[in-house]
There are 2 protein chains.
Amino acid sequence: MNADEFRKAAHAAVEEIIHYNETLPTVPVTAQIPPGYLSPHLPSTAPQHPQPWSTIQPDIATHIIPGLTHWQHPGFMSWFPATTSYPSLLGEMYSAAFTAPAFNWLCSPACTELETVVMDWVCRMLALPDVFLSGGEGGGVIQGSASEAIVTCMVAARERMVVKECKGLEGEEREKKVAEVKGRLVALGGDQVHSATPKGAMIAGTRYHAITTRREDGFRLTGKGLREALKEIEGKGLLPYYVTTTMGSTGICAVDVFEEIAEVKKEWPDVWIHVDAAYAGAALVCEEYQHHAKFFGEFDSFDMNMHKWLLVNFDASCLFVRKRQDLISAMSITPSYLLNPSHISGLVTDYRDWQIPLGRRFRALKIWFVLRSYGVSGLQKHIRHTVGLGELFAGLVRERSDLFRIVAGPAFALTVIQVLPKKGEKGNDGDEAWVQEVNRVTKEAYEAVNRGGEIFLTSGVVGGQLAIRVVSANANAEEKWVKKAFEILVKEAEKVVGTS
Amino acid sequence: MNADEFRKAAHAAVEEIIHYNETLPTVPVTAQIPPGYLSPHLPSTAPQHPQPWSTIQPDIATHIIPGLTHWQHPGFMSWFPATTSYPSLLGEMYSAAFTAPAFNWLCSPACTELETVVMDWVCRMLALPDVFLSGGEGGGVIQGSASEAIVTCMVAARERMVVKECKGLEGEEREKKVAEVKGRLVALGGDQVHSATPKGAMIAGTRYHAITTRREDGFRLTGKGLREALKEIEGKGLLPYYVTTTMGSTGICAVDVFEEIAEVKKEWPDVWIHVDAAYAGAALVCEEYQHHAKFFGEFDSFDMNMHKWLLVNFDASCLFVRKRQDLISAMSITPSYLLNPSHISGLVTDYRDWQIPLGRRFRALKIWFVLRSYGVSGLQKHIRHTVGLGELFAGLVRERSDLFRIVAGPAFALTVIQVLPKKGEKGNDGDEAWVQEVNRVTKEAYEAVNRGGEIFLTSGVVGGQLAIRVVSANANAEEKWVKKAFEILVKEAEKVVGTS
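Residues numbered from 1 in each chain as written. Chains lettered and ligands numbered in written order. Predicted model: local features only at pLDDT ≥ 70, side-chain atom pairs only at ≥ 80, totals over all residues. Heavy atoms only, no water.

## Comments concerning the overall build of chain A
Counting its secondary structure elements, chain A contains 16 helices and eleven strands. Taken over the C-alpha trace, chain A has a radius of gyration of 25 Å; the compact-globule value for 500 residues is 23 Å, and the two agree within 12%. Each principal axis of the C-alpha atoms in chain A carries an extent, and together these give about 75 × 70 × 45 Å. A buried classification covers 66% of the 500 residues belonging to chain A. In chain A, of all internal contacts separated by at least 6 residues, the share reaching a separation of at least 24 is 73%. For chain A, the computed accessible surface area is about 17,000 Å², with 51% contributed by carbon and sulfur atoms. Of note, chain A has its 51 positive side-chain charges centred 1 Å away from the centre of its 58 negative side-chain charges. (Helix = DSSP H or I, 4+ residues; strand = E, 2+ residues; numbered from the N terminus. Rg over C-alpha atoms; globule rule 2.2 N^0.38 Å. Buried < 20%, exposed > 50% of the residue type's maximum accessible area, 1.4 Å probe, protein only. Contact = heavy atoms within 4.5 Å. Areas by Shrake-Rupley, 256 points an atom, 1.4 Å probe, with all protein chains shown as cover. Lys, Arg positive; Asp, Glu negative; His and termini not counted. Charge placed at Lys NZ, Arg CZ, Asp CG, Glu CD.)

This is how it looks when you write it as structure tokens:
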């Protein structure tokens, strides 16, 4: 494809992308295809000879778009949003054009240096403590996902603890002690943490302990809960080394009690405390949420995904650490072919030592473009608009307390609801039969809503009961779609429960 | 940025990218800026208010492009190439528009299903054994980098070995045995493996052993070398669980002796053998290289990066495994909010269980576009063209055996050379003083070449001696640039050595 062909193809792609976005509200939000739909339509081998773009492009509309789940659809209210925006797309274009594995500074200085600048911007925008700025001992690094950030911190935490426990030992004596220590290491998280934390412990190769949170605490991890767990683990002769705390849990957007956890951190300074704010951390762009960040400076790391709620396309996970040396100590290996004068001088940052993979994309560009195109005020507007939609939805639910109850929220635009078994009946969560009936009607209504294809929701389990999560927070979220979602929920719930 | 603004901005970006590519040969290949060049030119915080594209775009030319190392420059002959192409860029555009974290099938069925299709295409195109096709027990998955693929396989190998060794045990008894086994696990690789393998062992939390390769074996890992290392490790009461073998080592593009290693694998069937073909694996698109793949079916996994030599922009690392269950067993955690009917039915692939992070980008699009735009024949042409340039370069070097010697290659377009101390003098590698002089003149010439900025090379250490790596294999590689590189090398080498 030469430059002229590219110009023509790119213009056609731009038109198709614009058309895709503008017609989204008119198509079902989920793919209406069965598993295995695609392969029968495509050849089993790559073509031997070149094909022109005019042959390739039509297959996108024919075969790909029908198989997409439309995360930018105004009826998409599932999981958490994964937003994108036009400035972000422009960032991907330049990133692909300037492609480089960018594993060290020399590989592409602009890639490293712009990342340092925009991560400092993000740090200040979210009112995170200064310890996370690049000027001191800490700094930010763009990771692919919040799950990758968790594994990265967990490995760094594991190595930090091992080094501490094995101080002064050498050779095989040290190796034996290392094995003994690793066998006793335990990572922890509240039982509402994302599955990335137990998976991270599997990858880091350590034990994992889920701390039971309580309904009366709003399923938040408390200082008391954490302290008791740490003591219990130590009582068994085991060694806690890492804790995931959460700002905005996946199920219900619960926020752990950071003030209390910061006190516990003082008692266990060697245990790494990570704040997983993958989704809800975005809200810190608004002053009214910034009180949540007050104690983050006591912790070792904080991560939020701009690709969830802040209009940067996947992937753009912003990880901040208090001491970058903790990452570098666990992750740096510099062989001869990666040594260069800038590296040796210590003047530059080599972000490969802050992450698991060696290579990295130029992701700072899209963050830069989005921050400038929207401005902080534009991002605040987006957050407040969608938080407002969550409140609108919750208000509608409250008006039908005969049919629904709110299990959690609205918090950070998420409302978690259940369908009530019989019109007007007030149940008792101690009554197992009633709870089972709540689960049944909630599940049936939920499945009927998703079968309809107009809106797309996910379910979750809260305190052992099934619940429906509703979150409308992508860039196309709209009041009329939230109202429509509520109408659909009412219609399907009434069908299941019976309107008597 | 609305649709009209995006159309205008995207067209401007397309023009800038075309201009960038077309003017590349006229600018220095490396950035002519000092460390820390960028931040003084940018504000310290994100702007409060939105900025139009007309304000943002000029900063790319002013502040970003001057800080790039130009991997597509025809004078770029460093490391290994990191290619891109226009069809690949189009793939990134659609991927950003269709953004989704795509952690399971339902997240975006097309993303999963196209990945299965194109990975089967790649498998067949490279003439890999059928065990790596999706139809059986194996399959391919797109990872971010060869280093990520290595960690992924290493963790899967570790867990497979732990499960085997701890069979029948439960509870705390099992935990103790797990710790004991993990303390004895050893990952291995030849001493020419990429640093990603020792780093992988650090992340997986196991010991690592580098097997010494020999100059007389061409620094290839042999069956004998591997067998002796495995026995030595077992003799110490330790437990080998994983080996990285290499097709195309970073330093000199050596190819391990796979036929012999396949024999060793029969003796140690539980030890995971991974083939890291990150760069050179691309050559398997040409029949004349496909004999290398003959024994890969005996091994557990194979990985090659389309983002190195096959015109897909970073990231597109193609990992194939013989038994996908090995990955899934080590990496699957399915909480309630990720369960859905398609998942439960077992009808679909959830690639999140084949990798470390949860989320994933729609990278299959760019691979699909590139394979179709170039066709297999177009990729073969690119490989053969650049392999030919390597031979051309080596031929030029041979004509000046008074000034240079070839340490390795040409292999897969890479030639590794040294500058000889005195015109015409034949040295002796057993003579330490002579070797030091080789290192000195090679280093001085190498540094002078890179200071010039016309071409960009990397150095490496081969058998304890410094050498210069020359590889011209991006899409803009050209005969005249290879000749120019040789002329520059001659000029600088003569300056250092003296023409007497």
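## Focus on the sheet that holds strand β11 (residues 465–471) of chain A
Note: strands within a sheet are paired through backbone hydrogen bonds, in either parallel or antiparallel orientation. All names here are of chain A. What the four strands build is an open sheet, ordered β8-β9-β11-β10; its pairing is antiparallel. Of all the strands in the sheet, just β8 (404–411) and β10 (458–462) have a single pairing partner and so form its edges. The average angle at which neighbouring strand axes cross in this sheet is 30°, direction not considered. One ladder, built from five bridges, connects β8 with strand β9 (residues 414–419); its direction is antiparallel. Residue pairing for β9: I406 is matched across the bridge by I417. Relative to β8, helix α14 (residues 364–399) is tilted by about 160°, and along the sheet it contacts β8, β9 and β11. Across the sheet, helix α16 (residues 479–497) is in contact with β8, β9 and β11; its angle to β8 comes to roughly 150°. (Pairing = 2+ DSSP bridges. Axes fitted to C-alpha atoms, helices over the stretch in contact; angles between N-to-C directions.)

## Some remarks on the relation of the copies chain A and chain B
With an axial shift of 0.0 Å and an RMSD of 0.0 Å, the rotation relating chain A to chain B amounts to 180°. Overall, the copies show the geometry of a two-fold rotation axis. In this assembly, 100% of the residues forming the interface of chain A have copies in chain B that are likewise at the interface, indicating an isologous arrangement. (Least-squares fit on C-alpha atoms with pLDDT ≥ 70 in both.)

## Some points on helix α5 (residues 109–125) of chain B
In a regular helix each residue adds 1.5 Å, so 17 residues correspond to 24 Å; α5(B) covers 24 Å between its end C-alpha atoms and thus fits that length. Phi for A127(B), located one or two positions after α5(B), is positive at around 55°. (Expected span 1.5 Å × (residues − 1).)

## Concerning the UniProt feature "modified residue: N6-(pyridoxal phosphate)lysine" (unreviewed entry) in chain A
UniProt feature "modified residue: N6-(pyridoxal phosphate)lysine" (unreviewed entry): in the numbering of this structure it lies at K308(A). Ignoring sequence-local partners within four residues, the contact set of K308(A) consists of F80(A), P81(A), A82(A), T83(A), A278(A) and Y279(A). (UniProt positions renumbered as here; feature names shortened; annotations may be inferred.)

## Focus on the interface of chain A and chain B
Accessible area lost when the parts come together is the quantity often used to give the size of an interface. Of the residues lining the interface, 140 residues belong to chain A; the matching set on chain B comes to 140 residues. Between chain A and chain B, a total of about 12,200 Å² is buried, with carbon and sulfur atoms accounting for 68% of that surface. Scanning the region where chain A abuts chain B turns up ten salt bridges. Measuring nitrogen to oxygen at the nearest pair gives 2.8 Å for the salt bridge that ties R372(A) to D59(B). The tally of links between chain A and chain B comes to 54 residue pairs in polar contact (both at pLDDT 80 or more). A per-element tally of the side of chain A that touches chain B places helix α1 (residues 3–23) of chain A first, with 14 residues. Here the residues of the side of chain A that touches chain B sort into 79 nonpolar, 40 polar and 21 charged. (Buried area = accessible area lost by both parts, 1.4 Å probe. Salt bridge = Lys/Arg side-chain N within 4 Å of Asp/Glu carboxyl O. Polar contact = N/O pair within 3.5 Å; in protein donor to acceptor, adjacent residues only side chain to side chain. Nonpolar A, V, L, I, M, F, W, Y, C, P; charged D, E, K, R; others polar.)

## Points about the pairing of strand β11 (residues 465–471) of chain B
Residues and elements named next belong to chain B. Counted residue by residue, β11 has seven buried out of seven residues, so it is predominantly covered. Of the two faces of β11, the one lined by Q465, A467, R469 and V471 and the one lined by L466, I468 and V470 are each fully buried. Inspection of the sheet shows strand β9 (residues 414–419) paired to β11 by four bridges, in the antiparallel sense. Counterpart to T415 in the pairing with β11 is V470. Pairing between strand β10 (residues 458–462) and β11: five bridges, direction antiparallel. Its bridge partner lying in β11, G460 is registered against A467.

## Describing unusual backbone geometry
It is generally the case that most residues other than glycine have a negative phi and that most peptide bonds are trans. Residue and element names in this part refer to chain A. In this model, F314 is joined to D315 through a cis peptide bond whose omega is 15°. Inspection of the secondary structure puts D315 in the loop between α11 (306–309) and β7 (317–321). Phi is positive for A127, close to 55°, though the residue is something other than glycine. You can see A127 is positioned in the loop between α5 (109–125) and β1 (139–143). Taking relative accessible area as the criterion, A127 reaches 30% and is therefore assigned partly exposed. The phi angle at L311 is positive, at roughly 70°, despite the residue not being glycine. As for its position among the elements, L311 is in the loop between α11 and β7. The class for L311 is buried, based on a relative accessible area of 1%.

## What to know about the side chain of S317(B)
All names here are of chain B. Structurally, S317 is set in strand β7 (residues 317–321). A relative accessible area of 0% means that S317 is categorised as buried. For S317, the side chain forms a polar contact with the side chain of N305, separated by 2.5 Å.

## Observations regarding α14(A)
Along its 36 residues, α14(A) runs just 45 Å from first to last C-alpha, ending more than 12% under the 52 Å computed at 1.5 Å per residue. Judged by how many residues are buried, α14(A) sits mostly within the fold: 26 of 36 residues are covered.

## Here we look at the pattern of salt bridges
In total, this model carries 82 salt bridges over all chains according to the counting rule given. Where K164(A) meets E165(A), a salt bridge forms, and the shortest distance between an N and an O atom there is 3.3 Å. With relative accessibility at 39%, the residue K164(A) sits in the partly exposed group. For E165(A), a relative accessible area of 23% corresponds to the partly exposed category. One salt bridge in this structure joins R352(A) and D350(A), with 3.6 Å as the shortest N-O distance. Neither R352(A) nor D350(A) differs from the other in exposure class; each is buried. When salt bridges with common partners are traced through the structure, they connect E92(A), D315(A), R361(A), R363(A), K366(A), E92(B), D315(B), R361(B), R363(B) and K366(B) into a single cluster.

## Considerations on the sheet that holds strand β8 (residues 404–411) of chain B
All names here are of chain B. Reading across from one edge, β8-β9-β11-β10 is the order of the four strands in this open sheet, with antiparallel pairing throughout. Two strands lie at the open edges of the sheet, namely β8 and β10, each paired on one side alone. Taking each pair of neighbouring strands and ignoring which way they run, the sheet shows an average axis angle of 30°. On the sheet, helix α14 (residues 364–399) packs against β8, β9 and β11 and is oriented at approximately 160° with respect to β8. Strand contacts of helix α16 (residues 479–497): β8, β9 and β11, with the helix running at about 150° to β8, the strand carrying the most contacts.

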